[in-house]
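The chain contents come next:
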Amino acid sequence: GSATPSMETFNNAKIGKYEQVVLPQRVFQRSLPDVKVIDMRHELAATGPDTVISNDLARGLEDRLQRRQQSLLLLNRRGFSASVLCRQCGQLLECPNCSVTLTFHRGVDQVRCHYCNYSKSRPGQCSNCASPFLEQIGFGTERIESEVSRLLPHARVARLDRDTVRRKGAVTKILSDFGAGEVDILIGTQMVAKGHDFPAVTLVGVISADVGLGLADFRAAERTFQLLTQVAGRSGRGELPGEAIIQTFFPDHYSIGFSCQQEYERFFNAEMKFRRSMRYPPVVAMVNVLVRAGRYEDAMGDAVALAKALRKNRRFDVLGPAPAALPKLRGEHRVQMFLKGTDRPVMRGALQEVLSRHPRLQRRVTV
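How each quantity is defined
Residues numbered from 1 in each chain as written. Predicted model: local features only at pLDDT ≥ 70, side-chain atom pairs only at ≥ 80, totals over all residues. Heavy atoms only, no water. Pairing = 2+ DSSP bridges. Helix = DSSP H or I, 4+ residues; strand = E, 2+ residues; numbered from the N terminus. Contact = heavy atoms within 4.5 Å. Axes fitted to C-alpha atoms, helices over the stretch in contact; angles between N-to-C directions. Parallel < 35°, antiparallel > 145°, perpendicular 65-115°, else oblique. Nonpolar A, V, L, I, M, F, W, Y, C, P; charged D, E, K, R; others polar. Salt bridge = Lys/Arg side-chain N within 4 Å of Asp/Glu carboxyl O. Buried < 20%, exposed > 50% of the residue type's maximum accessible area, 1.4 Å probe, protein only. Arc of directions from axis to C-beta. Disulfide = S-S within 2.5 Å. 1 Å grid on protein atoms, 1.4 Å probe; cavity = no way out; pocket = protein on both sides within 12 Å on 5 of 7 lines; lining within 4 Å. Points joined across faces, edges and corners; volume = space filled by probe spheres on them.

K.L.:
Tell me about the sheet that holds strand 12 (residues 285–293), residues and numbers included.
P.N.:
If you walk across this open sheet you meet the 4 strands as 13-14-12-15, and the pairing is antiparallel. One side of each edge strand has no neighbouring strand; the edge strands of this open sheet are strand 13 (317–329) and strand 15 (365–366). When strand 12 meets strand 15, the two strands line up antiparallel, connected through 2 bridges. Its bridge partner being in strand 15, Val291 is matched across the sheet by Val365. Across the sheet, helix 9 (residues 296–310) touches strand 12, strand 13, strand 14 (332–341) and strand 15, and the angle it forms with strand 14 is around 15°. Helix 10 (residues 344–356) contacts strand 12, strand 14 and strand 15 of the sheet and is inclined by roughly 20° relative to strand 12.

K.L.:
Mind laying out the packing of helix 6 (residues 220–232) against helix 8 (residues 264–278), listing which residues take part and the relevant values?
P.N.:
The geometry of helix 6 relative to helix 8 is characterised by a closest axis approach of 10 Å and an angle of 170° between their N-to-C directions. By the angle between their directions, the pair helix 6 and helix 8 is classed as roughly antiparallel. Contacts from Ala221, Glu222 and Phe225 in helix 6 reach Tyr264, Phe267, Glu271 and Arg275 in helix 8. Across the contact of helix 6 with helix 8, the residue classes tally to 4 nonpolar, no polar and 3 charged.

K.L.:
Break down the pattern of salt bridges for me, citing the residues and quoting the values.
P.N.:
Throughout the structure, instances matching the rule amount to 27 salt bridges. For Lys14, the salt bridge identified is with Glu265, shortest N-O distance 2.8 Å. Of the two residues, Lys14 is situated in helix 1 (residues 7–14) and Glu265 in helix 8; the sequence distance between them amounts to 251 residues. The exposure class assigned to Glu265 is partly exposed, which follows from its relative accessible area of 39%.

K.L.:
Please provide a residue-by-residue account of helix 5 (residues 170–179), values included.
P.N.:
Every buried residue of helix 5 is accounted for by Ala170, Ile174, Leu175, Asp177 and Phe178. In a view along the axis of helix 5, the buried residues occupy a sector of 160°, so they form one face of it. Residues of helix 5 that are exposed and point over 90 degrees away from its buried face: Thr172 and Gly179. As for helix 5, its buried residues are in contact with strand 2 (70–74), strand 8 (157–160), strand 9 (185–188) and strand 10 (201–206). Immediately downstream of helix 5, the backbone of Gly181 shows phi near 80°, a positive value.

K.L.:
Describe the state of the cysteines, naming the residues involved and giving the relevant values.
P.N.:
As enumerated under the stated definition, the model contains 0 disulfides in all. Free cysteine: Cys98, not disulfide-bonded; nearest cysteine sulfur from Cys116 at 3.9 Å. Just so you know, Cys126 is unpaired, no disulfide at all, and the nearest cysteine sulfur is the one on Cys89, 3.7 Å from it.

K.L.:
Tell me about the layout of surface pockets, and name the residues and values.
P.N.:
Quantified by volume, the largest pocket comes out at close to 2,000 Å³. Contributing to the lining of the largest pocket are 50 residues, with Tyr115, Val211, Gly212, Leu215 and Leu326 lying nearest its centre. Taken together, the elements giving at least two residues each to the lining of the largest pocket come down to helix 6, strand 12, strand 13 and strand 14. The element that contributes the greatest number of residues to the lining of the largest pocket is strand 13, accounting for 7 residues. Roughly 1,200 Å³ of internal volume is contained in the second largest pocket. In terms of lining, the second largest pocket is formed by 30 residues, of which the most central are Ser2, Ala3, Val22, Leu23 and Pro24. Looking at the lining of the second largest pocket, the elements with two or more residues in it are helix 1, helix 6 and helix 8. Partitioned by chemical class, the residues of the lining of the second largest pocket number 13 nonpolar, 10 polar and 7 charged.

K.L.:
Describe the sheet that holds strand 11 (residues 243–248), naming the residues involved and giving the relevant values.
P.N.:
Sheet strands pair via backbone hydrogen bonds, and the direction of the pair is either parallel or antiparallel. On the basis of which strands lie adjacent, the open sheet formed by 6 strands has the order 1-11-10-2-9-8 and parallel pairing. With partners counted over all chains shown, the strands left at the sheet margins are strand 1 (34–39) and strand 8, one partner each. Neighbour to neighbour, the strand axes of the sheet diverge by 15° on average, direction disregarded. As defined by bridge partners, strand 1 adjoins strand 11 across 6 bridges and the pair is classed as parallel. Looking at the pairing, Val35 lines up with Ala244 of strand 11. Where helix 2 (residues 40–47) meets the sheet, its contacts fall on strand 1 and strand 11, and the angle it forms with strand 1 comes to roughly 55°. Taken strand by strand, helix 3 (residues 55–66) contacts strand 1, strand 2, strand 9, strand 10 and strand 11, and its axis lies near 160° from that of strand 10.

As structure tokens, then:
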């Protein structure tokens, strides 16, 4: 059961593999929230590049505060700023173990990797050119919490993300305080988006609807649609009508448009055009084979050998090998390839047979 089933699940219902049962209305026939899309291109042009909360969202938060109603803000990125950049030479602070930039966390005055948890104190100068001009770019939930507290100093604000819930019982405490009305505005990552039922929440704000759209993943639009649809559904669940304000740089993207209208089937049809044209699931089955090694040359060499053996089977396609979306993670280099075809057992059998002939590789291959 889901308001936003996966493409594969809904396609199975379409072709009769699953029986589909639909609940077309909310409980007690309550109306869906009114959704307003804010084009952040216009907002930044009018108010400056440092704007993270639009005028409409700021007014909506203040209005709910005066009415003693609650608000929920979603940003699926934690930390204070997404990365730290040297203004003089352009160098970004990067993790020594992973192919990612370090995120700045102001609360502990550290830069941190969200993959391997490497961290260090915020440097005073660039390690490349010794310049002291280090700029914080991008933003996360910590920055939103700071901005909301500045705009609405009397509001009771809480934050729910992986940084605030490290202690045992912290999630339950934050959510129970919010449910009891002891918090006016709850800010969080996707942890706040799904499954919660807070009748006093009448405003949901999505700070940046585009965070997931740029990921190197064919499911990026599907996951964006699911997240936005789920979080908008947190608003107006009680007797009071709800509103959702979605900030985006891509207001015309179909995943954002259809999530605002809560139109799952229309999104499915639009996304299926893309999946058919590119031969992605559920049109075909795909297998992702990831090869890891301490040296890039070893990872690529082993992946090339696997791909060569797999290509002898003509009943599916082999794409790659190529560097993975995260080429280095926790000190290991990563190379990936994809198998694409319509017969899952054939692909599975071919892969098992090839791997059985390379037993030394099995520990370093993830399927």
